[in-house]
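Structural overview for review
If you want the building blocks of each chain, they are given just below.
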There are 2 protein chains.
Amino acid sequence: MRARDLLADFPTVRLDSPAIDAARLLAEQDLPGLIVVGDDGAPFTILPGTQVLRLAVPGYCQDDPALARVVDEAHADAFLRALDGRTVREVLPRQPRELPVTDPEATVLEVAALMARTHSPLVAVVDDRRLVGAVTLQALLDGVLAG
Amino acid sequence: MRARDLLADFPTVRLDSPAIDAARLLAEQDLPGLIVVGDDGAPFTILPGTQVLRLAVPGYCQDDPALARVVDEAHADAFLRALDGRTVREVLPRQPRELPVTDPEATVLEVAALMARTHSPLVAVVDDRRLVGAVTLQALLDGVLAG
């Protein structure tokens, strides 16, 4: 079994998409994460769902639970408003990191190791710089457990 | 909106459950992760789905993509067999880390910051050491976006 056997079409968002629309897509389609594509259609980055939250959580709350606790309920409820009026490009983290991207020939073990290492339940599959689909954690487990 | 407004019942696995059954539960119920409870019923650990994979991926493959690549397809397909005959307790990682556990009074911002920091799309909610449910990333996004 290879990545090509497990991949499926996956919606993408563009760097110039509104960030709030990206968050809505994640919620409405119950996605494990987002694939952000650049102008060339190739994956620019892949964001696990938890890291989409990170785009909206104020920096001072991210690493200090005590600071998150002092924000009152009304302001806490509105935390996603931080995305309003901003594009995906504008809210993406600066730091480069290993992307959960592989090729169609990757084995399930390679895909599993990549998911574990990058904490991403979503791996983009790229063939000759072209996005051909994605392997989700669920698709991988279903494939392996059915085998 | 507080954790108590977003939580729902969530299946748990026990430390002495067969590890392969835990992986099947994750797959079959399409869960974002697993809550492992100790003998007292309190959460012992929470494993995001990607970290359940980590339990089965050989150590030498986890950090070196090149080593995962040399494992042939037949052996790669069988990687979950590493869980056969072992309990959850036996395969859990040794390293302690921050658990995605909160209390019913946590705001959505606190829960979001916790999910982002721990890379966990699943947060266990504990009241007086008793597990009262879990908040998933999807439930959080649905609650915040509907508000």
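Residues numbered from 1 in each chain as written. Chains lettered and ligands numbered in written order. Predicted model: local features only at pLDDT ≥ 70, side-chain atom pairs only at ≥ 80, totals over all residues. Heavy atoms only, no water.

1. Notes on the environment of Asp72 of chain A
- Mapping Asp72 of chain A onto the fold places it in the loop between helix H5 (65-70) and helix H6 (73-77).
- In terms of polar contacts, Asp72 of chain A uses its side chain to reach the backbone amide nitrogen of Ala74 of chain A, at 3.2 Å. (Helix = DSSP H or I, 4+ residues; strand = E, 2+ residues; numbered from the N terminus. Polar contact = N/O pair within 3.5 Å; in protein donor to acceptor, adjacent residues only side chain to side chain.)

2. Structural notes on a negative patch on the surface
- Together, Asp21, Glu28, Asp30 and Asp142 of chain A together with Glu28, Asp30 and Asp142 of chain B give the surface a local cluster of negative charge.
- Inspection of the secondary structure puts Asp142 of chain B in helix H9 (residues 137-146).
- On the accessibility criterion, Asp142 of chain B (42% relative accessible area) is partly exposed. (Patch = residues over 30% accessible without salt bridge, like charges linked within 9 Å, V, L, I, M, F, W, Y side chains within 5 Å. Areas by Shrake-Rupley, 256 points an atom, 1.4 Å probe, with all protein chains shown as cover. Salt bridge = Lys/Arg side-chain N within 4 Å of Asp/Glu carboxyl O. Lys, Arg positive; Asp, Glu negative; His and termini not counted. Charge placed at Lys NZ, Arg CZ, Asp CG, Glu CD. Buried < 20%, exposed > 50% of the residue type's maximum accessible area, 1.4 Å probe, protein only.)

3. Quick word on the interface of chain A and chain B
- Contact residues are listed per partner, giving 52 residues for chain A and 52 residues for chain B.
- Carbon and sulfur atoms make up 64% of the surface buried where chain A meets chain B, a total of about 4,600 Å² over both sides.
- Our enumeration of links across chain A and chain B arrives at six salt bridges.
- Put simply, Glu110 of chain B and Arg69 of chain A hold a salt bridge, and the shortest N to O gap is 2.6 Å.
- Counting every contact that joins chain A to chain B gives 24 residue pairs in polar contact (both at pLDDT 80 or more).
- It is helix H8 (residues 108-118) of chain A that contributes the most residues to the side of chain A that touches chain B, eight residues altogether.
- Partitioning the side of chain A that touches chain B into residue classes produces 29 nonpolar, eight polar and 15 charged. (Contact = heavy atoms within 4.5 Å. Buried area = accessible area lost by both parts, 1.4 Å probe. Nonpolar A, V, L, I, M, F, W, Y, C, P; charged D, E, K, R; others polar.)

4. Some points on the sheet that holds strand E6 (residues 130-136) of chain B
Residue and element names in this part refer to chain B.
- Taken together, three strands build an open sheet; the order of strands is E4-E5-E6 and the sheet is mixed. Bordering the open sheet on either side are strand E4 (101-102) and E6, each of which pairs with just one other strand.
- Relative to strand E5 (residues 122-127), E4 is paired through two bridges, and the arrangement is parallel. Looking at E5, one finds that Thr102 is bridged to Val125.
- Contacts from helix H8 (residues 108-118) reach E4, E5 and E6, with the element oriented near 130 degrees to E5. (Pairing = 2+ DSSP bridges. Axes fitted to C-alpha atoms, helices over the stretch in contact; angles between N-to-C directions.)

5. Describing a nonpolar patch on the surface
- A surface patch of nonpolar side chains, amounting to about 310 Å² of accessible area, comprises Tyr60, Leu67 and Val70 of chain A.
- Secondary-structure assignment places Val70 of chain A in helix H5.

6. Let's talk about the packing of helix H3 (residues 49-56) of chain A against H8 of chain B
- Axis separation between H3 of chain A and H8 of chain B bottoms out at 8 Å; the angle between their running directions is 125 degrees. One finds that H3 of chain A runs oblique with respect to H8 of chain B. Helix-helix and strand crossings are classified by hand; for H3 of chain A and H8 of chain B the assignment is left-handed. Where H3 of chain A approaches H8 of chain B, its residues Thr50, Gln51, Leu53 and Arg54 of chain A are matched on the opposing element by Ala112, Met115, Ala116 and Arg117 of chain B.
- Residues of the contact of H3 of chain A with H8 of chain B, tallied by class, amount to four nonpolar, two polar and two charged. (Parallel < 35°, antiparallel > 145°, perpendicular 65-115°, else oblique. Left-handed = near helix turned anticlockwise from the far one by under 90°.)

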